[in-house]
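Structural overview for review
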Amino acid sequence: KNILSGIKSSIFKEDKLLAILIDPDKFLIENTASFIAKINASIATHIFVGGSTVEVDATEALVKEIKNHTTLPVILFPGDVTQITNEADGLLFLSLISGRNPEYLIGKHIEAVSKLKKNNLEVIPTGYILIESGKIIAVQRVTNTQPISQNSINQITNTAKAAELLGMQLVYLEAGSGAKYAVSEEIIKAVKAILNIPLIVGGGIRSKKQLESAYIAGADLVVIGTAFEEDETFFNQIKK
Ligand code: 1GP
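Since this is a predicted model, take the numbers as computed values, not measurements. (Residues numbered from 1 in each chain as written. Predicted model: local features only at pLDDT ≥ 70, side-chain atom pairs only at ≥ 80, totals over all residues. Heavy atoms only, no water.)

Details of the nonpolar core
Residues Ile 39 and Leu 173 are the most contacted members of the largest nonpolar core, which totals 58 residues. If we skip the residues at most four places from it in the chain, Ile 39 touches Ile 20, Ile 22, Ala 44, Ile 47, Leu 72 and Phe 235. Core analysis: the next-biggest nonpolar cluster, separate from the first, contains 23 residues, Leu 94, Leu 96, Val 139 and Tyr 172 among them. (Core = buried A, V, L, I, M, F, W, Y, C linked by side-chain atoms within 4.5 Å. Buried < 20%, exposed > 50% of the residue type's maximum accessible area, 1.4 Å probe, protein only. Contact = heavy atoms within 4.5 Å.)

A word on the pairing of strand β4 (residues 90-96)
For β4, the buried fraction is high: 6 of the 7 residues fall into the buried class. Inspection of the sheet shows β4 paired to strand β5 (residues 122-130) by 7 bridges, in the parallel sense. By the bridge assignment for β5, Leu 92 is matched with Ile 124. (Helix = DSSP H or I, 4+ residues; strand = E, 2+ residues; numbered from the N terminus. Pairing = 2+ DSSP bridges.)

Structural notes on the site of the ligand
By nearness alone, 14 residues border the ligand, and Glu 174, Ser 177, Gly 178, Gly 204 and Thr 226 come closest of all. A distance of 2.4 Å is found between an oxygen atom of the ligand and a side-chain nitrogen or oxygen belonging to Glu 174. In this structure, Gly 178 approaches the ligand through a main-chain N or O atom, which is 2.7 Å from an oxygen atom. When isolated, the ligand has an accessible area of 310 Å², and the protein chains bury 97% of it. A majority-of-atoms criterion places the ligand in the largest pocket. In terms of residue class, the shell around the ligand is built from 5 nonpolar, 8 polar and 1 charged. (Near = heavy atom within 4 Å. Polar contact = N/O pair within 3.5 Å; in protein donor to acceptor, adjacent residues only side chain to side chain. Areas by Shrake-Rupley, 256 points an atom, 1.4 Å probe, with all protein chains shown as cover. 1 Å grid on protein atoms, 1.4 Å probe; cavity = no way out; pocket = protein on both sides within 12 Å on 5 of 7 lines; lining within 4 Å. Sits in = over half its atoms within 2 Å of the grid points. Nonpolar A, V, L, I, M, F, W, Y, C, P; charged D, E, K, R; others polar.)

Some words on unusual backbone geometry
You will see that Asp 57, though not glycine, has its phi angle at about 80°, which is positive. Within the chain, Asn 144 stands out as a residue other than glycine whose phi angle is a positive 55°. Considering the arrangement of structural elements, one finds Asn 144 in the loop between α5 (138-143) and α6 (153-165). The exposed category is assigned to Asn 144, whose relative accessible area is 67%.

A short note on the packing of aromatic side chains
One pass over the structure, following the stated rule, counts 8 aromatic pairs. Taking 5.2 Å as the distance between ring centres and 10° as the angle between the ring planes, the aromatic pair formed by Phe 77 and Tyr 172 counts as stacked. In this pair, Phe 77 sits in the loop between β3 (74-76) and β4 while Tyr 172 sits in strand β6 (residues 170-174), placing the two residues 95 residues apart along the sequence. Considered together, Phe 77 and Tyr 172 belong to a single accessibility category, that of buried residues. (Phe/Tyr/Trp six-rings, centres within 6.5 Å; stacked < 30°, edge-to-face > 60°.)

Focus on the environment of Val 142
Relative to the helices and strands, Val 142 resides in helix α5. What makes Val 142 partly exposed here is its relative accessible area of 32%.

Some words on the sheet that holds strand β2 (residues 46-49)
Strand order in the closed barrel made by the 8 strands is β1-β2-β3-β4-β5-β6-β7-β8, with parallel pairing throughout. Recorded for the sheet is a direction-independent mean angle of 30° between the axes of neighbouring strands. The pairing of strand β1 (residues 17-22) with strand β8 (residues 221-224) spans 4 bridges and is classified as parallel. Looking at the pairing, Ala 19 lines up with Val 223 of β8. Lying over the sheet, α6 contacts β5 and β6, oriented at roughly 165° with respect to β5. (Axes fitted to C-alpha atoms, helices over the stretch in contact; angles between N-to-C directions.)

This is the structure:
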C-alpha cells in the first residue's frame, strides 16, 4: 500500500507524475503488450484503468494483462462498482463532489464495500471535480450531474478545499475524457494555491506543451487518455 505515499514523496522531490488512462471499452486487449511497451519507455509513472460505460468483467481481464507487461502501479479509475477488481494495485475511491447526485457522492461507495472487503486494493479517497469544458462529456451524462463552470473559480477552489477538510487524500480536476478544452491554468493555479493534498488534472490534454503548462500551473499528476488512443506516436514525444 504505497501508491499514495509514492505520490506524496514525488511531490516532495518536485517530480511530476503522469498517468496514462486506458478505457477498457475503447481498447483492444490484443494490443496490450505493444501499448504497454510504449508506456514503459515513456515518462509515465502510473496507469489508470476505467471508463464510464465498461462491460462487466472487461476491466479485470485487461488489468491482468496489463500487469503481465509492466511494473508501474495500475490504479482503477472506475465509472462503476462493477469495474472494481483485485488484480489492480489501487483504487481511486471517487466522490463526485462537483455534483449533487447522492449516488455518486456516497451511494456507489456503500455498494462497493462488499467487494472491497474481499480484496486488498489500496483505496484512495479522491474528491472528483468535473469542470465544464465546451461539450457534454460521458461522466456528466452517466452521473446526471452538472459540471462547475470554468468561470466559477471560487466555487471550484472551495469545493477542492472542502474535499481536503473532509479527509480526502487527492483532488482530481476533470474536464472529461476527450474534452474540447482542458482545465485552465488559472483554475489549476488557484486550486493548487489553497490545497495541501496532491492535485490531479485530466481531460482534453493532447500535447506535450499542454502537459507542461499543467505542471507549471501546479498539477502534481496529469492524466492523459484520448490523445494516446488516437495517436500512439505521441509517445515519441514523452520518451524517458
Ligand atoms: C478522463 O481525465 C481523463 O477521465 C483523461 O482525459 O481522455 O481527454 O485525456 P482524456
